[in-house]
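Observations on the three-dimensional arrangement
So you can see what is in the structure, the chains are spelled out below.
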Amino acid sequence: MNTRTLVLAAVVLVAGGLAATGAVAGGSADGTSADRSALGPSVGDRAASVAQSSCEFPVTRTDVTGTEVTVEERPERIVALQPSDAQILWEIGAQDRVVGMPVNQYTSYLDGRSGKADVSGEGVVEKVVGTNPDLVLAANVSDPETVASLRDAGVTVYHFAGVESLEGIARNVETVGRLVGSCESAREEADEFRLTVERARAAHANASDRPSVLYTFFGFTTGTGTHIHDAIEAAGGENVAAEAGLEGYKELSDEIVIDRNPEWIVYPDDYAIPEGTPYNQTSAIRQNQTIALDYSYINQPGPRVAIPLTQLARTWYPEGLAEANRTVNASDVASPNRTAAETTAVNGPGFGVAVATLAVLALIAAALLVGRRR
């Protein structure tokens, strides 16, 4: 790996949920309408879903830090600390109330972001406080010290747990909707997402054999306890990293590539599969069975994960997905226990803060060492 790759991998590794800074988002700037059309009939096309029994204020929810966060009234000035936070706000129609967000290549796909204060980079606390927000949404990858400093400055901040499943994405959408007073649109978005997931699962329900799949990015892979693993499995693939016993986002060894010999290699489209051994010895490369996914959609744990999920299901089970799109409807999707969306577990999945910090320091140190040797 060169210096750039090591530093980039460090940032991606810390993301855990791959929602935030450094090589975790971006993509086209053309919005979602064209992409969403490929997902099959929309839940929004059916009768309006029943809103939550109450979407009134004040509302109190417990976040990943164990803090009871109270939003006194409908927030009119919202800051999204991470790209995934912004994505959810856009998908539930609350973008007009966003006053601050990361305005960079990682949110370039969100139409209407111009004019928003850029809260990325250095001096985050000062930038956020300067927007005079009513509420700050902080995805799990947000720096806990930043969250604490914002709270010390009197800012209301909700810090999310890491996302380890597709259902976790849907629940986060509902939680955001409740916090910002957009309950009905959030419920519709979450249910549409669940419908897409159910159709992907139904596409391979009768399959006798499932393809073995390796997900790789910048020298890392994803095991159990991540939304990317869940997307691979929901689309009908068997994640070889999970079969090898890996959990979370881990460095990928040549031994796993050789021993597991994946039939398919899946990767974000801002990454190039390494040439030569051991990759060229896999069935995936020999049979030209690779899939590039939009890195902004697969890496950020937000509703647009539905797009690469559908891409995978269509590649592996085209006929099954077409049938599922015709036959699986909103009424077939089981409604989960909604109370789960109201309280975030104190112990978030994925990397803990300490582990993530150590990973960053180790990789940056390696990058500096490589730089000195050159």
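Each chain carries its own residue numbering, running from 1 in the written order of its sequence. Only residues with pLDDT of at least 70 are given local features in this predicted model, and only at 80 or more are side-chain atom pairs given and counted; all residues enter the totals for whole chains, interfaces and linings. With hydrogens and water stripped out, all remaining heavy atoms of the structure feed into the side-chain values.

Next up on the list: the overall build of the chain. Here a strand is any run of E in DSSP of at least two residues, a helix any run of H or I of at least four, and the numbering for each starts at the N terminus. A tally of regular secondary structure across the chain gives 15 helices and 13 strands. The 374 residues of the chain split such that 54% are buried. Only heavy atoms matter for contacts: two residues are in contact if any of them lie within 4.5 Å across the pair. In the chain, 69% of the contacts between residues at least 6 apart in sequence involve partners at least 24 apart. We get accessible surface area from the Shrake-Rupley algorithm with a probe of 1.4 Å; when it comes to residues, only the shown protein chains can shield them. As presented, the chain carries roughly 15,700 Å² of accessible surface, and 47% of it is formed by carbon and sulfur atoms. To sort residues, take the accessible area from a 1.4 Å probe on protein chains only and compare it with the maximum for the residue type: under 20% means buried, over 50% means exposed, and anything in between is partly exposed.

This brings us to the confidence of the model for the chain. Values of pLDDT, ranging from 0 to 100, describe the predictor's confidence in every residue of the model. Per-residue pLDDT for the chain averages 83, and the proportion of residues at 70 or more is 75%. Scored below 50 in pLDDT, residues 1-52 shows 151 contacts in the model against residues more than four places distant or in partner chains. This stretch, residues 339-374, has a pLDDT under 50; its non-local contacts, to residues over four places away or in other chains, come to 50 contacts.

Turning our attention to unusual backbone geometry. Here the residue pair Phe-57 and Pro-58 is connected by a cis peptide bond, since its omega of 5° sits within 30 degrees of zero. When you line up the elements, Pro-58 lands in the loop between helix 2 (33-36) and strand 1 (59-62). At the junction of Thr-277 and Pro-278, the peptide bond is cis and its omega measures out at 5° in the coordinates.

Bringing the pairing of strand 13 (residues 290-293) into the picture now. Along any regular strand the residues' side chains alternate between the sheet's two faces. The side-chain alternation of strand 13 yields one buried face, formed by Ile-291 and Leu-293, and one unburied face, formed by Thr-290 and Ala-292. Pairing of strand 12 (residues 264-268) with strand 13, which is carried by four bridges, proceeds in the parallel orientation. Opposite Val-266, over in strand 13, you have Ile-291 as the bridge partner. At least two DSSP bridges between two strands are needed for those strands to be called paired.

What follows deals with the pattern of salt bridges. Oppositely charged side chains may form a pair once their charged atoms are brought near each other. Every case where a carboxyl oxygen of Asp or Glu lies within 4 Å of a side-chain nitrogen of Lys or Arg is listed as a salt bridge. Scanning the entire structure with this criterion turns up eleven salt bridges. The partner of Arg-201 in a salt bridge is Asp-230, and the shortest N-O contact between them spans 3.5 Å. Here Asp-230 lies in helix 8 (residues 227-234) and Arg-201 lies in helix 7 (residues 183-203), a separation of 29 residues in the sequence. Ionic contacts of the salt-bridge type, sharing partners, join the residues Glu-167, Arg-171, Glu-174, Arg-187, Asp-191 and Arg-194 into one network.

Definition used in this section: a nonpolar core is a set of buried Ala, Val, Leu, Ile, Met, Phe, Trp, Tyr and Cys residues joined via side-chain atoms within 4.5 Å. The biggest cluster of nonpolar side chains holds 72 residues, and the ones touching the most others in it are Leu-89, Leu-137, Leu-166 and Trp-316. Per-element tally for this core: the top contributor is helix 6 (residues 166-180), with seven residues. Filtering out sequence-adjacent residues up to four positions away, Leu-166 remains in contact with Phe-193, Val-197, Arg-201, His-227, Asp-230, Ala-231, Ala-234, Val-305 and Leu-309. Val-119, Val-136, Val-155 and Val-157 belong to the second largest nonpolar core, which has twelve residues in total.

Our next topic: the environment of Ala-86. Structurally, Ala-86 can be placed in helix 3 (residues 83-91). With 216 residues separating them in the primary sequence, Ala-86 and Gly-302 have C-alpha atoms 9.2 Å apart. What Ala-86 contacts, discounting residues up to four positions off in sequence, is Ala-80, Met-101 and Leu-110.

Within the open sheet, the five strands sit side by side as 5-4-3-6-7. Their pairing is parallel. Two strands bound the open sheet, and with one partner strand each, they are strand 5 (117-118) and strand 7 (157-159). Here strand 4 (residues 98-101) runs beside strand 5; their pairing, made up of two bridges, is parallel. Directly across from Met-101, in strand 5, lies its bridge partner Asp-118.

Time to look at the packing of aromatic side chains. Pairing of aromatic rings covers Phe, Tyr and Trp, the last counted by its six-membered ring, and requires centre-to-centre distances within 6.5 Å; plane angles under 30 degrees mean stacked, over 60 mean edge-to-face, and any other angle means tilted. All told, the structure shown has seven aromatic pairs when counted by the stated rule. Measuring from ring centre to ring centre gives 6.2 Å for Phe-217 and Tyr-249, while their planes differ by 80°; the resulting arrangement is edge-to-face. Here Phe-217 is found in strand 8 (residues 212-217), whereas its partner Tyr-249 is found in strand 11 (residues 249-251), with 32 residues between them in sequence. Note on accessibility: Phe-217 and Tyr-249 belong to one class, buried. Note on geometry: a ring has a charge over it if NZ (lysine) or CZ (arginine) is within 6 Å of the ring centre and within 35 degrees of the ring normal. One cation-aromatic arrangement involves Arg-178 over Phe-57; the distance from NZ or CZ to the ring centre is 5.6 Å.

Turning next to helix 6. Counted at 1.5 Å a residue, the expected span for helix 6 with its 15 residues is 21 Å, and the 22 Å between its end C-alpha atoms agrees. By the criterion of burial, helix 6 is predominantly enclosed, with 13 of the 15 residues buried. After helix 6 finishes, the residue Gly-181 shows a positive phi value of roughly 80°. Expected helix span is given by 1.5 Å per residue-to-residue step, counting one fewer step than there are residues.

Next up on the list: the state of the cysteines. Chemically, a disulfide is nothing more than a covalent bond linking the sulfur atoms of two cysteines. By definition, disulfides here are pairs of cysteine sulfur atoms that lie within 2.5 Å. By the definition in use, this model includes one disulfide. Bridging Cys-55 to Cys-183, the disulfide has an S-S length of 1.9 Å. Looking down the S-S bond of the Cys-55 and Cys-183 bridge, the torsion is 85°, so its handedness is right-handed. Here the residue Cys-55 occupies a position in the loop between helix 2 and strand 1, and Cys-183 occupies one in helix 7, the gap between them amounting to 128 residues.

Fitting a line to C-alpha atoms yields each axis, with helices limited to the stretch in contact; the angle taken between N-to-C directions then spans 0 to 180 degrees. As a packed pair, helix 7 and helix 13 (residues 306-316) sit with axes 10 Å apart at the nearest point and diverge in direction by 15°. When the axes of helix 7 and helix 13 are compared, the pair comes out roughly parallel. In terms of crossing hand, the pair formed by helix 7 and helix 13 is left-handed. Taken together, the residues of helix 13 that come into contact with helix 7 (itself represented by Phe-193, Thr-196, Val-197 and Ala-200) are Ala-306, Leu-309, Thr-310 and Ala-313. Angles are sorted into four bins: roughly parallel if under 35 degrees, roughly antiparallel if over 145, roughly perpendicular if 65 to 115, and oblique for all others. Left-handed describes a crossing whose near helix is turned anticlockwise from the far helix by less than a right angle; the clockwise case is right-handed.

Along the polypeptide, Gln-87 turns up in helix 3. Relative accessible area serves as the criterion here: at 0%, Gln-87 is assigned to the buried category. If near-sequence neighbours (up to four positions away) are discounted, Gln-87 is found in contact with Tyr-109, Leu-110, Ser-296, Gln-300, Gly-302, Pro-303 and Arg-304.

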